[in-house]
Amino acid sequence: MQLHESIERYKQQNKLLLDQLISAESEIMNLTQILDACSDAILITSPESKIIYVNPSWEKLMGYSSPEVLGKNPKFLQSGKTPAKYYKNLRLNLHHRQPFTSDELINKRKDGTLFPAHSTIYPVTRLDTILYYVQFLYDISPQVEHENQRQQLLSIVSHELKTPITVLKLLISRYISAKNRRQVRVEDLQNIDKELDRLTQLIDESLDISKIESNKLNLNLTIFDLNNLIKETINQLSVIDQKHQIYFSSPDDLFVEADYKRIKQVLINLVTNAVKYSPDKDRVEINTKSNKKSIIVSVKDYGLGIPKEEQTLIFDKSYQIKKRSSDGLGLGLYICKEVIKKHHGKIWVKSQPGKGSIFFFSIPIRHTGRTRSKNLI
Ligand code: ADP
């Protein structure tokens with residue numbers, strides 16, 4: 001009887017243990033499934049710094065497969081480029097059983113490429129004993145690149161601002177120190193005017209870029225005849241440049257729903273470039289074409305032309321910032337692209353080096369996402 005009871009109790013205890021084991025195992029299974037599905041790269045090590053788990057996001061980010069790294073010390077992932085203070089702070093935090101977060105880690109992938117990472121390492125403890133170290137990792141290259149570009153742009157803007165300001169100061173100080181102050185030279189005033197224009201353009205472009213970056217480039221839509229806008233632009237630019245003739249044969253009414261000032265800004269940019277990049281020629285042509293849905297405007301010059309490999313890059317902000325060959329920000333076309341994009345249109349170029357370029361932009365006649373207007377053709 002006693003023996004029977006003991007056997008029963010033993011069986012029950014075992015069953016309890018077995019149940020606990022099964023539930024622990026299924027909890028681990030669930031946890032692993034969660035970690036596997038996590039979009040952050042995760043690496044877990046033992047207290048002795050041996051890798052015991054990496055999730056698929058980690059494998060994808062680092063280029064290693066899990067079997068290649070299990071059992072290894074994660075030191076082999078070090079790039080040698082992470083600042084020493086990162087490791088110092090890491091040791092300090094983990095020593096006090098505190099999690100450690102940093103953006104200063106530079107990791108090395110299997111193919112040898114380096115990337116900046118946002119990393120958080122948590123010590124997992126039970127009764128003050130370290131069980132695991134869990135690291136969450138993600139690639140912050142896009143953010144770092146964005147920040148670098150921002151800094152670069154800022155230094156370009158401040159550098160560019162200095163030039164007209166220096167010229168203005170010089171011209172003004174010349175006037176102040178002149179014996180006869182009443183005698184102002186017309187050329188000096190013309191130069192002041194030119195430099196002020198340059199300053200205004202720089203400030204306007206910088207503001208536009210900042211609006212684009214923060215997604216605050218808003219359109220003020222009205223319905224207008226594009227012919228008027230083109231004629232107004234030609235009149236305005238003819239005063240500045242008398243060498244080039246700008247040809248435009250106006251067809252019938254070309255009514256569009258768009259932002260008048262912004263489209264004019266695009267056209268001014270394209271015509272100014274056509275003039276600037278055809279110093280030995282004297283002809284620029286503007287044409288328009290329309291169908292029921294959209295209008296295409298083209299600006300043609302017979303100037304220097306653009307090499308094939310650069311034809312898409314000239315609209316690209318990063319490329320232009322790196323290239324920095326001209327005066328000014330060199331981002332006029334990038335701003336044009338963003339303005340046209342905002343109108344749900346397109347901008348592109350056809351060009352042959354030595355023969356000239358034609359820049360095109362198309363915008364829908366009716367701005368998408370708005371109700372039809374009766375005044376439109
Ligand atoms: P910027 O003219 O100030 O450099 P843009 O963004 O207006 O800036 O133009 C970018 C680049 O595209 C120019 O630096 C130039 O190399 C090229 N480009 C633009 N328009 C023309 C053109 N009509 N002919 C030849 N090259 C051009």
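Residues numbered from 1 in each chain as written. Predicted model: local features only at pLDDT ≥ 70, side-chain atom pairs only at ≥ 80, totals over all residues. Heavy atoms only, no water.

Peer 1: Residue-level account of the packing of aromatic side chains, with values.
Peer 2: Inspection of every chain in the model, using the stated rule, returns eight aromatic pairs. Taking 5.3 Å as the distance between ring centres and 80 degrees as the angle between the ring planes, the aromatic pair formed by Tyr64 and Phe76 counts as edge-to-face. Pair noted here: Tyr64 is in the loop between α2 (56-62) and α3 (66-69) and Phe76 is in the loop between α3 and α4 (84-95), with a separation of twelve residues, a long-range link. An aromatic cluster is present here, built from Trp58, Tyr64 and Phe76 joined pairwise through their rings. Positioned above the aromatic ring of Phe76, the side-chain terminus of Lys72 is 5.1 Å from the ring centre. The ring of Tyr247 has Arg283 sitting right over it, with the charged end atom 3.9 Å from the ring centre. (Phe/Tyr/Trp six-rings, centres within 6.5 Å; stacked < 30°, edge-to-face > 60°. Helix = DSSP H or I, 4+ residues; strand = E, 2+ residues; numbered from the N terminus. Lys NZ or Arg CZ within 6 Å of the ring centre and 35° of its normal.)

Peer 1: Residues and numbers for the nonpolar core, please.
Peer 2: The biggest cluster of nonpolar side chains holds 48 residues, and the ones touching the most others in it are Leu226, Ile286 and Phe361. Beyond its immediate stretch of four places on either side in the chain, Ile286 contacts Ile230, Ile234, Ile246, Tyr247, Phe248, Ser249, Val271, Val297, Ser298 and Val299. Among the nonpolar cores identified, the runner-up in size contains 22 residues, and Ile51, Trp58, Phe100 and Phe115 belong to it. (Core = buried A, V, L, I, M, F, W, Y, C linked by side-chain atoms within 4.5 Å. Buried < 20%, exposed > 50% of the residue type's maximum accessible area, 1.4 Å probe, protein only. Contact = heavy atoms within 4.5 Å.)

Peer 1: Now, about the environment of Leu196: what can you tell me, with residues and values included?
Peer 2: Among the secondary structure elements, Leu196 is positioned in helix α6 (residues 186-213). Relative accessible area serves as the criterion here: at 39%, Leu196 is assigned to the partly exposed category. Taking the C-alpha atoms as reference points, Leu196 and Leu168, separated by 28 residues in sequence, lie 8.1 Å from one another.

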